[in-house]
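Residue-level structure breakdown
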Amino acid sequence: MLIIKDLHAKVEGKEILRGINLTINAGEVHAIMGPNGSGKSTLANVLAGNTSFEVTKGEVTFNGRDLLAMPADVRAKEGLFLSFQYPVEIPGVSMINFLKTAVNESRKYHQLKELSAGDFLKLMREKKELVQIDSQLTNRSVNEGFSGGEKKKNEIFQMAMLEPKLAILDETDSGLDIDALRIVANGVNLLKRPENATIVVTHYQRLLDYIVPDVVHVLYKGQIVKTAGKDLVLELEEKGYDWIKKELGE
Amino acid sequence: MNENRSFETAEARLGQLYQDNKEQIGKGFPAFMQHEREKALAAFLRMGIPDRKTENYKYTDLTKLFENDSFDRAFQPTSFDFDMREVFTCDVPEFDTHLLFHVNGWYYPGNQTTDFPKGMIICSLKQAMMQYPDLVASHYGRMADSESDPIVALNSLFAIDGIFLYIPDNVLIEKPIQVINLLRSEEDLYVTQRNLVVVGKNARVKLMFCDHTLSIHSYIANYLTEVHLLEDAVADIYGTQNQHNGTAHLNGLFIRQERNSGLITNTISLHGGITRNNILVDFAGENAEAGLYGLSLTDRDQLNDNFISVNHNQPGCRSNQIYKNVLDDNSSGGFTGRIHVMPGAKKTEAYQRNNSVLLTKAARMNTKPQLVIDNDDVKCSHGATVGQINEEALFYLQTRGIPEKEARLMLMFAFAHEVLANIRVEPLRQSIDRLINKRLRGEVSRCHNCKLECIR
């Protein structure tokens, strides 16, 4: 589904990604772990099409198509979803108008008829129940005044509405208490399909207790330095990232 | 028009224009008006046309505009050979209003005023001067001080017509009164319009002024409205300014508020070459409240300058100013927000904010808060931001599949929303929402299906 070859990217002149290679197949859950500043969020943002990062080398194909050639909105419509580490507050843009525009832009792209107001509200109700988001939140402006937990739940709710093929969860566990974490993880698991894939970007093991990965990668200084099965999570938790650094001879 | 006589200055030319037409201008007016005009003339000649050195007009240099003496001045009403209602219909759906017209500053004689409550007066200013001289004299010129501003002086000098509106005590006018000010001429025209509104004790009215141009000629429109809100009166005053680029709109709205009165004013500047709004609220009684809101959208070489003053002379009054500007292309904007809290005006609450979005590098915005607080028992705040579209929010919307262009529009619309939310007439709010949307999309926001469409 996603093939990344020798991806380099920089921001403000500084190279953050220094040759990433990664292949993700349908049905898989990949965890990308690593210490702060290793380039995890940069990778998530580059894949989503954030133009503040400059790709200097490498290629990414998504379902056989050149991902890097697409603007951010087309990537989304092709089925890529980024759950933000820090979801943006947008005062004045109502959740309903925002989601309706997003859903219908995607439907237009796939040459489907736009949803009627009634069908849209019905869809929203179903998905709200699925991810257990407070029904009041959808009456407000996008993320405005939401608590940390509400913002993250709102990300998963949007994911449920947009039904992506590949979801990238960027530090979705940060700032969540254990109950919110469980609700968010549960939402992700419920949305899992054999034809979809998930990348869980995280610093800690916590979230991976709930979303069990098939493959775990360790990102360090802009490169994937270790790839293994889910047991790697436990090993990292026990030994810390210093262990990786030692293995690399630092 | 000047008859081949040359003058050293535009001021001298305008002064002479008055002298030459004095009789025509003053015909039929009560004696006090003569006095008002003489006072205005002296004040105008003393202050002169505002230029960059005029502190209150530092963002709007009017000297160039007035250098041009090709503008015709109509001291007699434009004659009509058509029915205004056929030419112009407001297409705001389900919008039931009392519809009144001005053409080139003159109160349209075809206005129908039969379905208003008893005791209410609604007529041309000139007629009111003749029929109710005492009522008019006790309110006229009290708020718009010729000594304070040359553009006010100029209006008072040439004021002949406009609307006079008197709402008796305890009368509630449910339906909004919509005043449509049209400019339509066969040559470049200078227009003076003078309105006077008196809202009686515990009376309630919603007023809308819609400003339009119906022909491609250049206009200078000097409109001035004085409003008196008596005790416990409540008024909504909305303005939509939608004129072509060849229009300089010098607009004054001067409001006096007595005890416990409430005001909302919302000025939506959709389109216009030069638009200057002088808005003044004077609290003359305790516990009065005023919400002053404005939204301006400019592009090309347009200029919009809002000059707002609120005088807290009395204790316990509340005011809130929120003005927003969206500036595209080479356009520029100005905002001056004055709050003056006088000694003794305890428990004053006065807030002010100006937020602007610049869409290009060439667009400019000047913003200046002026707070004078001569009292310590007050809550005051002011804030100003000038920025670009929030790039993070833009990216966020795009990652949900919304194309960049659409996402930008959503954000601009969201920016404008806070001002529009304060329009308390729902069909009007929805209609302005639609106009703003069209305007932001770069489509001509024509809010009427007039047959004399002009795009300039």
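Analysis parameters
Residues numbered from 1 in each chain as written. Chains lettered and ligands numbered in written order. Predicted model: local features only at pLDDT ≥ 70, side-chain atom pairs only at ≥ 80, totals over all residues. Heavy atoms only, no water. Helix = DSSP H or I, 4+ residues; strand = E, 2+ residues; numbered from the N terminus. Rg over C-alpha atoms; globule rule 2.2 N^0.38 Å. Buried < 20%, exposed > 50% of the residue type's maximum accessible area, 1.4 Å probe, protein only. Contact = heavy atoms within 4.5 Å. Areas by Shrake-Rupley, 256 points an atom, 1.4 Å probe, with all protein chains shown as cover. Lys, Arg positive; Asp, Glu negative; His and termini not counted. Charge placed at Lys NZ, Arg CZ, Asp CG, Glu CD. Pairing = 2+ DSSP bridges. Axes fitted to C-alpha atoms, helices over the stretch in contact; angles between N-to-C directions. 1 Å grid on protein atoms, 1.4 Å probe; cavity = no way out; pocket = protein on both sides within 12 Å on 5 of 7 lines; lining within 4 Å. Points joined across faces, edges and corners; volume = space filled by probe spheres on them. Nonpolar A, V, L, I, M, F, W, Y, C, P; charged D, E, K, R; others polar.

Turning to the overall build of chain A, a few remarks are in order. Along chain A, the regular secondary structure elements total eight helices and twelve strands. Taking 250 residues into account, the globule formula puts the C-alpha radius of gyration at 18 Å, and chain A, at 18 Å, falls close to it. With respect to the principal axes defined by its C-alpha atoms, chain A has extents near 60 × 40 × 35 Å. Relative to its full complement of 250 residues, chain A shows a buried share of 53%. Counted over contacts in chain A with a minimum sequence separation of 6, partners at least 24 positions apart contribute 70%. Only carbon and sulfur atoms are counted for the fraction: they give 47% of the accessible area of chain A, which is about 11300 Å². Computed over 32 positive and 35 negative side-chain charges, the inter-centroid distance for chain A is 2 Å.

Working definition: the strands of a sheet are paired by backbone hydrogen bonds and lie parallel or antiparallel to each other. All names here are of chain B. Strand order in the open sheet formed by ten strands is β3-β2-β6-β8-β10-β12-β14-β16-β18-β20, with mixed pairing between adjacent strands. Strand pairing shows two members of the sheet lacking a second neighbour, β3 (106–107) and β20 (378–387), which therefore form its edges. Two strands pair when backbone bridges link them, and strand β2 (residues 98–103) and β3 are joined in this way by two bridges, in the antiparallel orientation. Each residue of the ladder has a partner; that of His102, found in β3, is Tyr107. Helix α9 (residues 404–420) rests against β12 (262–271), β14 (289–298), β16 (318–327) and β18 (348–358) of the sheet, and its axis sits at about 155° to β16. In this fold helix α10 (residues 426–440) packs onto β8 (204–213), β10 (234–242), β12, β14 and β16, with an angle of close to 30° to the strand it touches most, β12.

Okay, the pairing of strand β1 (residues 2–11) of chain A next. Residues and elements named next belong to chain A. Looking at chain direction, β1 and strand β2 (residues 14–24) are connected through eight bridges and run antiparallel. In the strand pairing of β2, Ile4 is matched with Leu22. Hairpin connection, β1 to β2: the antiparallel pair is bridged by two residues, and Glu12 has positive phi, about 45°. One ladder, built from seven bridges, connects β1 with strand β4 (residues 54–62); its direction is antiparallel.

What follows concerns the environment of Met1(A). All names here are of chain A. Relative to the helices and strands, Met1 is located in the segment before β1. In the structure, Met1 is positioned 13 residues away from Lys14 in sequence and 29 Å away in space, judged by C-alpha atoms. Aside from chain neighbours lying at most four places away, what touches Met1 is Ile24, Asn25, Ala26, Thr61, Phe62, Asn63, Lys165, Leu166, Glu195, Asn196 and Ala197.

This brings us to empty space enclosed by the protein. Residues and elements named next belong to chain B. All chains considered together, the criterion is met by six cavities of 30 Å³ or more. What the largest cavity holds in volume is close to 170 Å³. Forming the boundary of the largest cavity are 19 residues, of which Phe209, Thr225, Gly239, Asn251 and Leu253 lie nearest the centre. Sorting the residues of the lining of the largest cavity by element identifies β7 (189–199), β8, β9 (219–229), β10, β11 (247–257), β12 and β13 (274–283) as the ones contributing at least two each. Here the lining of the largest cavity takes four residues from β10, the largest share from any one element. The residue makeup of the lining of the largest cavity, split by class, is six nonpolar, twelve polar and one charged.

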